[in-house]
Amino acid sequence: MDKKATWDHFYTENSSRTGTFKNFEWFFNFASVQDFIMPLLQSHPDSLMHILDMGCGTSSLGPSVYSHSPIPVHVTCADISSVAVRLMQQHIQANPLQPHNLSSQLEFVELDCTQLDKHYSCGSVDLIIDKGTTDALLRSKEGKGKAGLVLKQCLKVLRWSGSLLQFSDEDPDSRLLWLEMVAWDPGQMAANVVVQEVGELRGVCYYCYHVTPRPVV
């Protein structure tokens, strides 16, 4: 599940099976996690708060942030699958969303999240939302190294005041240790991690891991 071709095939098959477009939600939708996201949308010294929905697929999460945020935001919905990106672009063009704040912006881009620094400059992103992307990588045969690289890339492009929200069904005993170990870069970077329970869905308990970069002094 760490290969572009795998996801292109998945979204092509899913689209052809349903016939008409329907958002595909990993785990849960925006309504289930908005209480974790909305408090982080605060007034910003720049004109726009920059938000990345990482590994967006065809989820409605990023567009929902765009349409609900009371402050101006620039929401980038990014995925390695060009098929998912194209489907979302076509859907929004056919069904335009009205933003809560008229200055807000929404875009869909094809992006390998192991190379975020090719799209963003260091310290330029305020919020990164990861709903199942890291989980998919960690459960892939060769994805663990990529998952670690994605985390490091997130911390690199986040502002010091920024946040990474990872939504996952992995138990905190495992995920907390992994996050703290991978984030640690001697003399350069570390991370603070706080975990909250999101709730149970179909017998599975989900968590929100709130990661914030911390300079090592």
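Above: the structure in question.
Residues numbered from 1 in each chain as written. Predicted model: local features only at pLDDT ≥ 70, side-chain atom pairs only at ≥ 80, totals over all residues. Heavy atoms only, no water.

1. A word on the packing of aromatic side chains
Let me state the cut-off plainly: Stacked, edge-to-face and tilted labels apply to pairs of Phe, Tyr and Trp rings (six-membered ring for Trp) whose centres lie within 6.5 Å, assigned for plane angles under 30 degrees, over 60, and everything in between, in that order. Put simply, DSSP marks the helices as runs of H or I at least four residues long and the strands as runs of E at least two long, and each gets a number from the N terminus on. Under the scheme applied here, a residue whose accessible area is under 20% of the maximum for its type counts as buried, over 50% as exposed, and between as partly exposed, the area being computed with a 1.4 Å probe on protein chains only. For a Lys NZ or an Arg CZ to count as sitting over a ring, it must be within 6 Å of the ring centre and within 35 degrees of the ring normal.
For the structure on display, the rule yields seven aromatic pairs. Judged by centre distance (4.8 Å) and plane angle (45 degrees), the rings of Phe27 and Tyr206 are tilted. Placement of the pair is Phe27 in the loop between α1 (4–18) and α2 (30–37) and Tyr206 in strand β7 (residues 204–215), with a sequence separation of 179 residues. Seen in terms of ring centroids, Phe28 and Tyr206 are 5.2 Å apart; in terms of plane orientation they differ by 80 degrees. Their pairing is edge-to-face. With a gap of 178 residues between them, Phe28 in the loop between α1 and α2 and Tyr206 in strand β7 connect regions that are remote in the sequence. Of the two residues, Phe28 and Tyr206, neither departs from the other in class, the shared state being buried. Ring pairing ties together the aromatic residues Phe27, Phe28, Phe36, Phe167 and Tyr206, which thus form one cluster. Lying over the aromatic face of Tyr209, Arg175 brings its terminal NZ or CZ to 5.7 Å of the ring centre.

2. Structural notes on the pairing of strand β3 (residues 105–110)
Put simply, the rule reads: Two strands pair if DSSP finds at least two bridges between them. When the strands point away from the viewer, a crossover counts as right-handed if the route from the first strand across the helix to the second turns clockwise.
As judged from the six bridges shared by strand β2 (residues 73–79) and β3, these two strands associate in the parallel manner. From the neighbouring strand, Ala78 faces β3, where its bridge partner is Val109. In this view, the connection linking β2 to its parallel neighbour β3 by way of helix α4 (residues 82–94) has right-handed handedness.

3. Comments concerning the nonpolar core
How we decide: Here, the term nonpolar core denotes a set of buried Ala, Val, Leu, Ile, Met, Phe, Trp, Tyr and Cys residues that are joined through side-chain atoms within 4.5 Å. Contact between two residues is taken to exist if any of their heavy atoms lie within 4.5 Å; hydrogens are not considered.
Within the largest apolar cluster, 29 residues are counted, with the highest numbers of intra-cluster contacts made by Leu52, Met54, Leu116, Ile128 and Leu151. Looking at this core, the elements that each hand over two or more residues are β1 (49–54), β4 (125–131), α6 (144–157), β5 (158–168), α7 (172–183), β6 (189–201) and β7. In terms of residue count, α6 provides more of this core than any other element does, six residues in total. Among residues more than four places away in sequence, those in contact with Ile128 are Leu52, Met54, Cys154, Val157, Leu158, Ser163, Leu164 and Leu165. Of all hydrophobic cores here, the second largest spans 27 residues; its members include Leu61, Val65, Ile71 and Val73.

4. Points about α2
Rule in force here: Along the arc lie the directions from the helix axis toward the C-beta atoms.
Within the sequence span of α2, burial applies to Phe30, Val33, Phe36 and Ile37. Considered in projection along α2, the buried side chains sweep an arc of 110 degrees and stay on one side of the axis. The exposed residues of α2 that point more than 90 degrees off its buried face are Ala31 and Asp35. Turning to α2, the residues buried within the fold contact α3 (61–68), β4, β5, β6 and β7.

5. Quick look at the sheet that holds β1
Just so we agree on the cut-off: Convention adopted: a line fitted to C-alpha atoms gives each axis, helices being fitted over their contacting stretch, and angles between N-to-C directions are expressed from 0 to 180 degrees.
A sheet is described by the order of its strands in space; here seven strands give the open sequence β3-β2-β1-β4-β5-β7-β6, paired in mixed fashion. Strands with a single pairing partner mark the edges of an open sheet, and in this sheet they are β3 and β6. When strand polarity is set aside, the average angle formed by the axes of neighbouring strands in this sheet is 15 degrees. Two elements, β5 and β7, share five bridges in a ladder whose sense is antiparallel. Paired with Leu164 across the strands is Val211, a residue of β7. Each of β2 and β3 is contacted by α4, which is oriented at about 150 degrees to β3, the strand it contacts most.

Shape is all these values report; function is a separate question.
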